Amino acid sequence: MNRLWVQLTLAFTLVVLVAVVAIAVLIGRTADIEFRQYVTHSEMRASGSGMQQLVAYYQEHGSWEGVESLLDQGVYVTRPMGMPMLSEDRQLARGGFRLEVLLADTEGKIVYDSAGQTEGRRLGRRDRSRALPITETGDEEILGYLLLSLPSRPDGLGALERQFLERLQNVLLVGGALAVGLGLFMGLILSRGLTAPLQRLAAAARAVAGGDLTHQVKVEGSAEIAEVGQAFNEMTTALEQAESLRQNMVADVAHELRSPLSVVQGNLRAILDDVYPLDKAEISRLYDETRLLSRLVDDLRELALVDAGQLRLNLVPTDAAKVIYATAENLALAAEAQEVTLATRVTDGLPPVQADPDRLAQILRNLLANALRHTPPGGSVTVTAVPTDGAVEIAVADTGEGITPEDLPHVFNRFWRGDRARTRTGGVRGKGEAGGTGLGLSVAQSLVEAQGGQIWVESSPGKGAIFRFTLPRHRGEMDDRRQSAK
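Fair warning: this is a prediction, and the values are worked out from it, not measured in the lab.

Quick notes on the packing of aromatic side chains
- Taken as a whole, this structure holds two aromatic pairs when the rule is applied.
- Ring geometry for Y58 and W64: centres 4.9 Å apart, planes at 50 degrees, overall tilted.
- Considering the side-chain rings of F412 and F467, the 6.1 Å spacing of their centres and the 90 degrees angle between planes classify their relative orientation as edge-to-face. Residue F412 is located in the loop between strand 9 (391-398) and helix 12 (440-450), and its partner F467 is located in strand 11 (residues 465-472); the two are separated by 55 residues in the primary sequence.
- Owing to a relative accessible area of 14%, F412 belongs among the buried residues under this scheme.
- Cation over ring: R128 sits above Y145, and NZ or CZ is 5.2 Å from the ring centre.

The structure is reproduced here in structure tokens:
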């Protein structure tokens, strides 16, 4: 009973059953009332003597006052189906019944009720539509309204009439039973059809839980179920990609850690075995490797914080020009050692940005270190900053070897490097700066986006590369500009 298709089948059947019962009761009740009314009107039209007596009474008295003396005599009685009109006594003897009579004046006020229940009230809209107007012959003036009805008890009809109503009721019962059976059958088919995609989706989810991230389901069924299937396929695709990235990242991290650790261990072993002398040059090389390890660990930690949404930022109004000059000055010695010109070009009056000063400096250091790493001696690296609409755009351009079109989409991927053969243990072109970890650009991208900015790269082979990123302006500065504009 807890299966969805069973519940849907029962729900369909219950709805059909309730609808059929309600319709059958309504049709049966309406048919009985309307059939009795039809028989009554047939009687009224079959004999006009009663109507003529009422007209004569009104003409004689000028009103309906005292009309009960006429109607109580039994002017209106039924006759068995198919029998000719007889006198009242003979009609009653042949199985007829007195009709229930309502008589109303021209305003619809009831002046006579054979049941004695509604005198003094007015005919309702429905009763007035069913009543026969009382008019003089050849005259359109309405004298009153007459409403006759058969007794409500079953024996108020003749045998043929009762047989007709019984056959109608039997037809309704058979039709209702067929409708319920058909509803049960169709409900079963529809419910199984609706739940089949969900069952396949459940089986696919169990397959994914078992480790099969390539499992896909057929997108079918109603729009909602098809949307769920499509979302499931997108989820499994994303999970497969995430798992692939995770495996690659684990492998890359292991590789990145293994290389400097191997150098450190090998050199220390050589020193212990008196292969290398214990001098400052050898210690400096080992120190560079430890710096590389430290940078790798720091970069991994930064990315982990960003991925977990736990990176703390101190967003305050920041003088981007001051940060640019300070960062460029810190890297000036490394650029000089590499024989690369490091220049800054910042627009005067550069508006402040809403950023974390330390994170902004970290972004610039990563971009500048990457630019110096790929710029040959005699080249140049230039940092520019210009205001744009609602933001400040900062760019780091180099005159290095550039990036090929096929490599351009991957430059911000973690552990990706265009030149896989490049060694990173010798520093920046061997000039003492620790080599890259393959995470600097990924970290820069994450930090820029975390502060509400965007980062992108423009490059072509042999023409260097330009890394651009934007940071939003300080809101107070923007509000002041709007006020001054007004």
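A word on the nonpolar core
- Counting residues in hydrophobic clusters, the biggest one holds 46 residues, and the most contacted among them are L360, L367, I394, F467 and F469.
- In terms of residue count, helix 11 (residues 357-373) provides more of this core than any other element does, eight residues in total.
- Core analysis: the next-biggest nonpolar cluster, separate from the first, contains 14 residues, Y57, W64, V67 and L146 among them.

Regarding the packing of helix 11 against helix 12
- It is the contact of helix 11 with helix 12, at a shortest axis distance of 9 Å, that shows an interaxial angle of 150 degrees. Taken as axis vectors, helix 11 and helix 12 run roughly antiparallel relative to one another. In the crossing of helix 11 with helix 12, the sense of the turn from one axis to the other is left-handed. On helix 12, the residues that touch R359, Q362, I363, N366, L367 and N370 of helix 11 are G440, L441, V443, A444, L447 and V448.

Structural notes on a nonpolar patch on the surface
- Where nonpolar side chains cluster on the molecular surface, the patch consists of L14, L17, V18, V21 and V25 and spans about 440 Å² of accessible area.
- Following the sequence through the fold, V21 ends up in helix 1 (residues 4-46).
- On the basis of relative accessibility, which here comes to 44%, the residue V21 falls in the partly exposed class.

Observations concerning the sheet that holds strand 3 (residues 132-135)
- One open sheet holds the four strands; their spatial order is 2-1-4-3, and the pairing between them is antiparallel. Looking along the sheet, the strands with just one partner apiece sit at the ends: strand 2 (110-113) and strand 3. Across the sheet, the mean angle from the axis of one strand to that of its neighbour is 25 degrees, orientation sign disregarded.
- Across three bridges, strand 1 (residues 100-104) lies against strand 2 in antiparallel orientation. Opposite L103, over in strand 2, you have Y112 as the bridge partner.

Concerning the pairing of strand 10 (residues 454-459)
- Note that strand 10 and strand 11 share six bridges and pair antiparallel. Bridge pairing in strand 11 links S459 to A465.
- Counted along the chain from strand 10 to the antiparallel partner strand 11, the turn is five residues long, and its residue G462 has a positive phi close to 80 degrees.

Some points on the pattern of salt bridges
- If you walk through the whole model with that rule in mind, you get four salt bridges.
- The residue E107 makes a salt bridge to R122 at a minimum N-O spacing of 3.9 Å. You can see E107 sitting in the loop between strand 1 and strand 2 and its partner R122 sitting in the loop between strand 2 and helix 5 (125-130), a full 15 residues away along the chain.
- Overall, the relative accessible area of 55% leaves E107 in the exposed class.
- One network of salt bridges, with partners in common, ties together E393, E458 and R468.

Quick look at helix 9 (residues 320-330)
- Within helix 9, burial applies to A320, A321, V323, I324, T327 and A328. The arc that holds the buried residues of helix 9, viewed along the axis, is 160 degrees, so those residues lie on one side. In helix 9, the exposed positions that point more than 90 degrees away from the buried face belong to K322, E329 and N330.
- One side-chain oxygen at the N-terminal end of helix 9 lies 3.2 Å from the backbone nitrogen of A321; it belongs to D319.

Details of the environment of E220
- Mapped onto the secondary structure, E220 falls in the loop between helix 6 (159-209) and helix 7 (223-272).
- Placed ten residues apart in sequence, E220 and Q230 show a C-alpha to C-alpha distance of 9.1 Å.

Regarding the side chain of D398
- With respect to the helices and strands, D398 occurs in strand 9.
- We classify D398 as buried; its relative accessible area is 8%.
- Among the polar contacts made by the side chain of D398, one reaches the main-chain amide nitrogen of G400 at a distance of 2.9 Å.
- Setting aside chain neighbours within four positions, we find D398 in contact with A371, T375, S380, V381, K463, G464 and A465.

Regarding helix 11
- Across its 17 residues, helix 11 extends 24 Å between first and last C-alpha, which sits within 8% of the 24 Å expected from 1.5 Å per residue.
- Across the 17 residues that make up helix 11, a large majority, 14, are buried.
- With a side-chain oxygen positioned 3.0 Å from the backbone nitrogen of D358, the residue opening helix 11 is D356.

Some thoughts on the sheet that holds strand 9
- On the basis of which strands lie adjacent, the open sheet formed by five strands has the order 6-8-9-11-10 and mixed pairing. Two strands lie at the open edges of the sheet, namely strand 6 (341-346) and strand 10, each paired on one side alone. Pairs of neighbouring strands in the sheet enclose a mean axial angle of 15 degrees, with direction left out of account.
- Across eight bridges, the pairing between strand 8 (residues 380-388) and strand 9 is antiparallel. Bridge assignment links T382 to a residue of strand 9, and that residue is A397.
- On the sheet, helix 9 packs against strand 6, strand 8 and strand 9 and is oriented at approximately 175 degrees with respect to strand 6.

Thresholds, definitions, all that
Throughout this description, residue numbers start from 1 for each chain and increase along the sequence as written. Only residues with pLDDT of 70 or above have their local features reported here, since the model is predicted, and side-chain atom pairs are shown and tallied only from 80 upward, although totals for entire chains, interfaces and linings are computed over all residues. Hydrogen atoms and water are omitted, and side-chain values are computed over all heavy atoms in the structure. Pairing of aromatic side chains here covers Phe, Tyr and the six-membered ring of Trp, requires ring centres within 6.5 Å, and sorts the geometry by plane angle: under 30 degrees stacked, over 60 edge-to-face, intermediate tilted. Runs of H or I in DSSP of at least four residues are treated as helices and runs of E of at least two as strands, each being numbered from the N terminus. Buried means the residue's accessible area, taken with a 1.4 Å probe over protein chains only, is under 20% of the maximum for its type, while exposed means over 50%, and partly exposed covers the values in between. Over a ring means this: the NZ of a Lys or the CZ of an Arg is within 6 Å of the ring centre and within 35 degrees of the ring normal. Among the buried residues, those of types Ala, Val, Leu, Ile, Met, Phe, Trp, Tyr and Cys that are joined through side-chain atoms within 4.5 Å form a nonpolar core. Note on geometry: axes are C-alpha line fits, over the in-contact stretch for helices, and angles between N-to-C directions span 0 to 180 degrees. Between 65 and 115 degrees an angle is taken as roughly perpendicular, under 35 as roughly parallel, over 145 as roughly antiparallel, and anywhere else as oblique. Crossings are sorted by hand: turned counterclockwise from the far helix by less than a right angle, the near helix makes the crossing left-handed, and turned clockwise it makes it right-handed. Any pair of residues with heavy atoms lying within 4.5 Å of one another is described as a contacting pair. Here a patch means residues that are over 30% exposed by relative accessible area and free of salt bridges, tied together within 9 Å if like-charged and within 5 Å if nonpolar (Val, Leu, Ile, Met, Phe, Trp, Tyr). Using a 1.4 Å probe, accessible areas were evaluated by the Shrake-Rupley method; residue-level cover was limited to the displayed protein chains. The salt bridge definition used is simple: a Lys or Arg side-chain nitrogen within 4 Å of an Asp or Glu carboxyl oxygen. Between any two strands, pairing holds if DSSP finds at least two bridges. This arc is built from the directions going out from the helix axis to the C-beta atoms. Polar contact is the term for a pair of N or O atoms within 3.5 Å; when the atoms are in protein, one must be able to donate a hydrogen and the other to accept it, and sequence-neighboring residues count only if both atoms are side-chain atoms. A helix is expected to reach a length of 1.5 Å times the quantity of its residues less one.

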